[in-house]
Amino acid sequence: MPPAHREVVIIGSGPAGLTAAIYSARADLAPLVLEGEPSSNSDQPGGQLMLTTEVENFPGFPEGVMGPVLMSDMRAQATRFGAEIETVKASRVELSASPIGIWVGDPVADEPTHTADAVIISTGARSVMLGLEAEERLIGHGLSTCATCDGFFFRDQEIAVVGGGDSAIEEATFLTKFASKVTIIHRRDELRASKIMQSRAFDNPRIEFAWNTVVDDILGDDKVTGMRLRDTVTDKVRELPVTGVFIAIGHRPNTDLFAGQLPMDDNGYLLTHPDRSTTDLEGVFACGDVQDHTYRQAITAAASGCMAAIDAERWLQSRHD
Ligand code: NAP
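Below you will find a few notes about this structure.

Scoring rules and cut-offs
The residue numbers shown here count from 1 along each chain, following its written sequence. The model is predicted, so local features are restricted to residues of pLDDT at least 70 and side-chain atom pairs to those at 80 or more, both for listing and for counting; the totals for chains, interfaces and linings are taken over all residues. Hydrogens and water molecules were not included; the side-chain quantities draw on all heavy atoms of the structure. Convention adopted: a line fitted to C-alpha atoms gives each axis, helices being fitted over their contacting stretch, and angles between N-to-C directions are expressed from 0 to 180 degrees. Think of it this way: any DSSP run of H or I at least four residues long counts as a helix, any run of E at least two long counts as a strand, and we number them from the N terminus. Oblique is the label for every angle not falling under 35 degrees (roughly parallel), over 145 degrees (roughly antiparallel), or within 65 to 115 degrees (roughly perpendicular). Crossing handedness: left-handed means the near helix sits turned counterclockwise from the far one by under a right angle, and right-handed means the same turn made clockwise. Any two residues whose heavy atoms approach within 4.5 Å are treated as being in contact. One heavy atom suffices: a residue is near a molecule or strand as soon as one of its heavy atoms comes within 4 Å of it. N or O atoms closer than or at 3.5 Å make up a polar contact, with two conditions inside protein: a donor-capable atom paired with an acceptor-capable one, and, for residues adjacent in sequence, both atoms drawn from side chains. Surface accessibility in these figures is a Shrake-Rupley result with a 1.4 Å probe; residues are shielded only by whichever protein chains are displayed. Under the convention adopted here, Pro, Cys and the residues Ala, Val, Leu, Ile, Met, Phe, Trp and Tyr are nonpolar, Asp, Glu, Lys and Arg are charged, and Gly plus all remaining residues are polar. Criterion used throughout: strands pair if DSSP finds at least two bridges between them. For each residue, the accessible area found with a 1.4 Å probe, counting protein chains only, is set against the maximum for its type, and the residue is called buried under 20%, exposed over 50%, and partly exposed in between.

1. Remarks on the packing of helix H1 (residues 15-26) against helix H2 (residues 67-80)
Line of reasoning, step 1. One can describe the packing of H1 onto H2 by two numbers: an axis separation of 8 Å at closest approach and a directional angle of 20 degrees. In terms of axis orientation, H1 runs roughly parallel to H2. In the packing of H1 onto H2, the handedness of the crossing is left-handed. Between H1 and H2, the contacting residues are Pro15, Leu18, Thr19, Ala21, Ile22 and Ala25 on the first element and Met71, Met74, Arg75, Gln77 and Ala78 on the second.

2. A closer look at the site of the ligand
Line of reasoning, step 1. Not every one of the 19 residues close to the ligand is listed here, only the nearest: Asp166, Ser167, Arg188, Arg192 and His251.
Line of reasoning, step 2. Measuring from an oxygen atom of the ligand, one finds a side-chain N or O atom of Arg192 at 2.6 Å.
Line of reasoning, step 3. Contacts to the ligand include His251, whose side-chain N or O atom sits 3.3 Å from an oxygen atom.
Line of reasoning, step 4. The protein chains hide 76% of the 910 Å² of surface that the ligand would expose on its own.
Line of reasoning, step 5. Of the residues belonging to the shell around the ligand, the class tally is four nonpolar, nine polar and six charged.

3. Topic: the sheet that holds strand S17 (residues 244-247)
Line of reasoning, step 1. The five strands lie next to each other as S10-S17-S11-S12-S13, forming an open sheet whose pairing is parallel. Each edge of the sheet is formed by a strand with only one pairing partner; in this case those strands are strand S10 (143-144) and strand S13 (207-210).
Line of reasoning, step 2. The sheet contact formed by S10 and S17 spans two bridges and is parallel. By the bridge assignment, Leu143 is partnered in S17 with Val245.
Line of reasoning, step 3. Along the sheet face, helix H5 (residues 166-175) touches strand S11 (158-162), strand S12 (181-185), S13 and S17 and points at about 165 degrees away from the line of S11.

4. Focus on the side chain of Asp117
Line of reasoning, step 1. Considering the arrangement of structural elements, one finds Asp117 in strand S8 (residues 114-121).
Line of reasoning, step 2. For Asp117, the side chain forms a polar contact with the side chain of Arg319, separated by 3.3 Å.
Line of reasoning, step 3. Residues within four places of Asp117 in sequence aside, it is in contact with His5, Arg6, Glu7, Ile100, Gly283, Trp315, Leu316 and Arg319.

5. Here we look at unusual backbone geometry
Line of reasoning, step 1. Look at the link from Ser98 to Pro99: it is a cis peptide, with omega at 0 degrees.
Line of reasoning, step 2. For Ala30, which is not glycine, the phi torsion reads 45 degrees and is therefore positive.
Line of reasoning, step 3. Note that Ala30 resides in the loop between H1 and strand S2 (32-34).
Line of reasoning, step 4. Look at Ala30 and you get partly exposed, because its relative accessible area is 41%.
Line of reasoning, step 5. With a phi angle near 60 degrees, Asp275 is a residue other than glycine that sits in the positive phi range.
Line of reasoning, step 6. Within the element layout of this structure, Asp275 appears in the loop between strand S18 (251-253) and strand S19 (284-286).
Line of reasoning, step 7. Overall, Asp275 belongs to the exposed group, its relative accessible area being 68%.

None of the figures reported here should be taken as evidence of function without further support.
Set out below in structure tokens:
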């Protein structure tokens, strides 16, 4: 089968990709969105907001909105204007080719699955894990990166959240709706989270803190039964009995697909031109968390998706002028 050609293909379906889809669909570019495939709790179409509870700072929602609801509404808005969405992952791209080649499935197939004049990259970032062997064994069995997905299972139980940033504090606060006690395990003696989130957590009687503490192991054969914790000041090791552990220690950009083809910074974030979504390659645009390690907000991701769609549209137009 010859590859299907599109003016615009969007890779990724968080707020950046879906906003780019809404704008390019309304510009009559009939974009195709490769939204990804669910492969774990922390990796699914819709991006990180699928793992979030209440979003209180997205303008237009005075009472807040649940992350997954916001994403499903953005998706519906994109398809309403004609964006086509496929639940697949791109396995290979040839960004320097003209037209650009995008493979889905077998990455060594001769022909790309799709070709495109312009590609908008919005593959976002993913949860960082601690790197313990137990994480592979216990993910989905008491170990989670998603309080929204799994909090319900821990009603009246004692659980822990690892991390000291906004994600950790937000998840811990949400989890107190269910759990009888949430211990926040943080490697330092002060939180990175914003002051308003901190004070909410400090005021919450169901939240306790384990300061200067690292996780040596997560215990349990087929489900979480506890954690082995080490105090970094005294080196003392102790066990904390918990039935659930939520990891919330940050994110990495999803840029493996573009290695060697696009310039990246030391942490793997794509480099775009100042105040633009353009990259060093003609017809290749990047938006959202995949190129933003500073703001990393849903609203900034959505805004940069809008920029990418407009940049792509103008670039396509300039080729016809
Ligand atoms: P983050 O701000 O990078 O915080 C990561 C936390 O995990 C830090 O406290 C860090 O410790 C700790 N950590 C990192 N690696 C670790 C390891 N290997 N072992 C133990 N602890 C480790 O990440 P985030 O909380 O996911 O937030 C990301 C961005 O999204 C931030 O800009 C945040 O403001 C934003 N965000 C906003 C909201 C909201 O406004 N509603 C909600 C969630 C996230 P150190 O502090 O010692 O480095």
